[in-house]
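Coordinate inspection notes
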Amino acid sequence: NQGRCPPTATVEREGRESGAPGQEESAEAMNKELLDPSENDIPELVVEELQAGYRQARCLAFNRRGTLLATGCHDGSCILWDFDTRAGPAKILHEKDPLESSSPVVALSWSHHSRRLVTAEEKGRVRMWDVEKGVIVYATRFDSVSLTVQVNPKDPNVFLACPNQGEPVIVDIESGLQLEITGSQVPEGTVTPAAPAKSSKGGVELQRNYSACFHSEEGQVYVGSSKGVVSMWEYTPALQQINKFNLPSATAVRNFQFTRDGQYFLVADIGRIRVYESKEGTLEREFVDLVNRTQWRKCGFSSEGTYVLGATAEKGEHHIYVWNRENGQLLVRLEGPKESILDLHWHPSRPMIASTSHLGKVIIWSKRYSENYTAFAPNFTQLEENEEYVEREDEFDIIEDHSAKLKQKEEDESGDVDITTYEPPPTAFPDIEDELIFLPAVPERDPPLADPDAPPTDDPTPDAKIRTRVFTRGGVEITPEG
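Let me begin by describing the structure that accompanies this report. (Residues numbered from 1 in each chain as written. Predicted model: local features only at pLDDT ≥ 70, side-chain atom pairs only at ≥ 80, totals over all residues. Heavy atoms only, no water.)

Residue placement: Val158 occurs in strand 11 (residues 158-163). Look at Val158 and you get buried, because its relative accessible area is 1%. C-alpha of Val158 to C-alpha of Asp172: the two residues are 14 residues apart in sequence and 4.6 Å apart in space. The contact partners of Val158, leaving out residues within four places of it in the chain, are Val151, Asn152, Ile170, Val171, Asp172, Phe214 and Tyr235. (Helix = DSSP H or I, 4+ residues; strand = E, 2+ residues; numbered from the N terminus. Buried < 20%, exposed > 50% of the residue type's maximum accessible area, 1.4 Å probe, protein only. Contact = heavy atoms within 4.5 Å.)

The next point concerns the nonpolar core. Of all hydrophobic cores here, the largest spans 16 residues; its most connected members are Val118, Val126, Val149 and Phe159. For this core, the secondary-structure elements that each account for two or more residues are strand 6 (105-110), strand 7 (116-121), strand 8 (125-130), strand 10 (146-151), strand 11 and strand 12 (169-172). With residues near it in sequence (within four places) discarded, Val149 still touches Ala107, Leu108, Ser109, Val118, Ala120, Val126, Leu160 and Ala161. (Core = buried A, V, L, I, M, F, W, Y, C linked by side-chain atoms within 4.5 Å.)

Across the five residues of strand 21 (residues 264-268), five count as buried, placing the element largely inside the fold. Residues Tyr264, Leu266 and Ala268 of strand 21 are buried on one face, and the alternating residues Phe265 and Val267, pointing to the opposite face, are buried as well. Sheet topology note: the strand 20 (residues 257-258)/strand 21 ladder contains two bridges and is antiparallel. Among the inter-strand pairings, Phe258 is bridged to a residue of strand 21, identified as Phe265. Between strand 20 and the antiparallel strand that follows it, strand 21, lie five residues; Gly262 among them carries a positive phi value of about 75°. Note: strand 21 against strand 22 (residues 273-277), five bridges, orientation antiparallel. Each bridged residue has a counterpart across the sheet, and for Ala268 the counterpart in strand 22 is Ile273. The loop that links strand 21 with its antiparallel partner strand 22 comprises four residues. (Pairing = 2+ DSSP bridges.)

Turning next to the packing of aromatic side chains. Inspection of the entire model under this criterion finds 13 aromatic pairs. When the centroid spacing of 6.2 Å and the interplanar angle of 55° are considered together, the rings of Tyr222 and Phe265 count as tilted. In this pair, Tyr222 sits in strand 17 (residues 221-225) while Phe265 sits in strand 21, placing the two residues 43 residues apart along the sequence. By relative accessible area, which is 0% here, Tyr222 ends up buried. Site record: aromatic cluster; members linked through ring pairs are Tyr222, Phe256, Phe258, Phe265 and Tyr276. Over the ring of Phe83 we find Arg86, and its NZ or CZ is 4.7 Å from the ring centre. Positioned above the aromatic ring of Tyr264 is the side chain of Arg325, whose terminal nitrogen or guanidinium carbon lies 4.3 Å from the ring centre. (Phe/Tyr/Trp six-rings, centres within 6.5 Å; stacked < 30°, edge-to-face > 60°. Lys NZ or Arg CZ within 6 Å of the ring centre and 35° of its normal.)

A word on the sheet that holds strand 25 (residues 307-312). Taken in spatial order, the four strands make up an open sheet running 24-25-26-27, and their pairing is antiparallel. Each having just a single partner strand, strand 24 (296-301) and strand 27 (330-335) make up the two edges of the open sheet. On average, adjacent strands in this sheet sit at an angle of 20° to one another, irrespective of strand direction. In the sheet, strand 26 (residues 319-324) pairs with strand 27 via five bridges, with the strands oriented antiparallel. Within strand 27, the position partnered with Ile320 by the bridge is Leu334. (Axes fitted to C-alpha atoms, helices over the stretch in contact; angles between N-to-C directions.)

Quick look at the side chain of Ser231 now. Looking at where Ser231 falls in the secondary structure, it is placed in strand 18 (residues 229-235). On the basis of relative accessibility, which here comes to 1%, the residue Ser231 falls in the buried class. A distance of 2.7 Å separates a polar atom in the side chain of Ser231 from a polar atom in the side chain of Trp233. (Polar contact = N/O pair within 3.5 Å; in protein donor to acceptor, adjacent residues only side chain to side chain.)

This part takes up the environment of Thr306. Inspection of the secondary structure assignment puts Thr306 in the loop between strand 24 and strand 25. Overall, Thr306 belongs to the buried group, its relative accessible area being 15%. Here the alpha-carbon distance between Thr306 and Asn324, two residues 18 residues apart in the chain, equals 6.4 Å. With residues up to four places along the chain from it excluded, the contact list for Thr306 reads Trp323, Asn324 and Arg325.

Two strands in a sheet stick together by hydrogen bonds in their backbones, pointing the same way (parallel) or opposite ways (antiparallel). Ordered by their spatial adjacency, four strands build an open sheet running 1-30-29-28, and the pairing between neighbours is antiparallel. A strand with exactly one partner marks an edge of an open sheet, and here the two such strands are strand 1 (45-50) and strand 28 (341-346). Ignoring which end each strand starts from, the neighbouring axes of this sheet average 25° apart. Bridge analysis of strand 29 (residues 353-357) against strand 30 (residues 362-366) gives four bridges, and the strand direction is antiparallel. Looking at the pairing, Ala354 lines up with Ile364 of strand 30.

Close approach of charged atoms allows side chains of opposite charge to pair. The final tally for this structure, using the stated rule, is 18 salt bridges. Glu44 is the partner of Arg368 in a salt bridge, and the nearest nitrogen-oxygen pair spans 3.5 Å. Taken as a pair, Arg368 in the loop between strand 30 and helix 2 (402-414) and Glu44 in the loop between helix 1 (22-34) and strand 1 lie far apart in primary sequence, 324 residues in all. When the shortest N-O distance is used, the salt bridge between Glu121 and Arg127 registers 2.8 Å. By relative accessible area, Arg127 is classed as buried at 4%. Connected through salt bridges with shared partners, the residues Glu49, Glu339 and Lys361 form a single ionic network. (Salt bridge = Lys/Arg side-chain N within 4 Å of Asp/Glu carboxyl O.)

So far we have only geometry, and geometry alone does not tell us how the molecule works.
In structure tokens form, the structure reads like this:
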């Protein structure tokens, strides 16, 4: 990937299924069928910037359907946005401890039903919020900052935290149990792709685990070590190791991210992004900028896992690279404002990207849409200039073929029509019981009505002490009170 692709690069669009609640789900699926198949589904330009007063965003995360966007701020608060309207903050989660100074939020994670939100702060505090009530349901503290937090997709009362100077920890808020995933024991003589494992004491060697992540579908825990070893654990709620494989790079695994179907995961190094198959750990693709030697700060997958995106770590640059996961081709390089990028995420169901800058802005990227009438009428031909049309002699003649019409009518009426069976449209987001899709609107209370019998506020009353000054010619002050 030595060259750069211009922003107008296109790729073949694959048929995709989209999900959204209720009627929006069917409408969005229908709109995708009407799109021009020759157009790509990659964001192209900045369409909006979100700011909430003095609160500066540092990290962000979409909920499962993409209807809500959470942004963690430098003052320790968390702002929730209705992503469909984006008219302003829908809710602000903030509970300041009077005995402790505020600390920036560095990581966020939604529960699967969007009713819980976990936030990790720079000073090591991790809290779980009830989104609808806006209260804290659990809080704990680690010795160092947790750069990654994730709620268990199978149990909203369990979340995973990865302290920067410790082992990954699984926390159960109901029992209060904190289960530390200690270093995997590797038998002496096991050879990694980089070097043989040596043990000064003999027997086994302990490897430090840097990161962990829940599998997006099965709920298993994937743990990455300092020597490029990825181990799979079953949480039931006890931990049991079920598989282990060595990554070809043999470098420290510092973060994970899975595709929505869980088939692939990526590991980001400082200058490389590698995509692996999740079952066997085989290397599928490696993405690197060989020309500019770009360093990557954040990376991730698109909603369907078709594309891989990476954000540069250069100061004063807000550049996002998008590659095709299957062939490794660089499709587009997005250039934003001259502000360093801190975090980014692809929308779960739309060709949109949300990113944060070091100035606290939330930048929304989307496609450049153009009018295309052929999507609604396939026989319609759009003309660039006027053309003279010559009609055929019998083109607009009315020809009544009673036999053909009668035959078509008989065919239409011969079959039975099922009007009772309901088949829901295909969706990537199956319904979940008690799921929070949108935040309920809370109307502001009107001020109380004034008593019609009460005197106006500007009228004097017997209780008011009014002093009237009267000056005579001699300068003597006379008041009613004597």
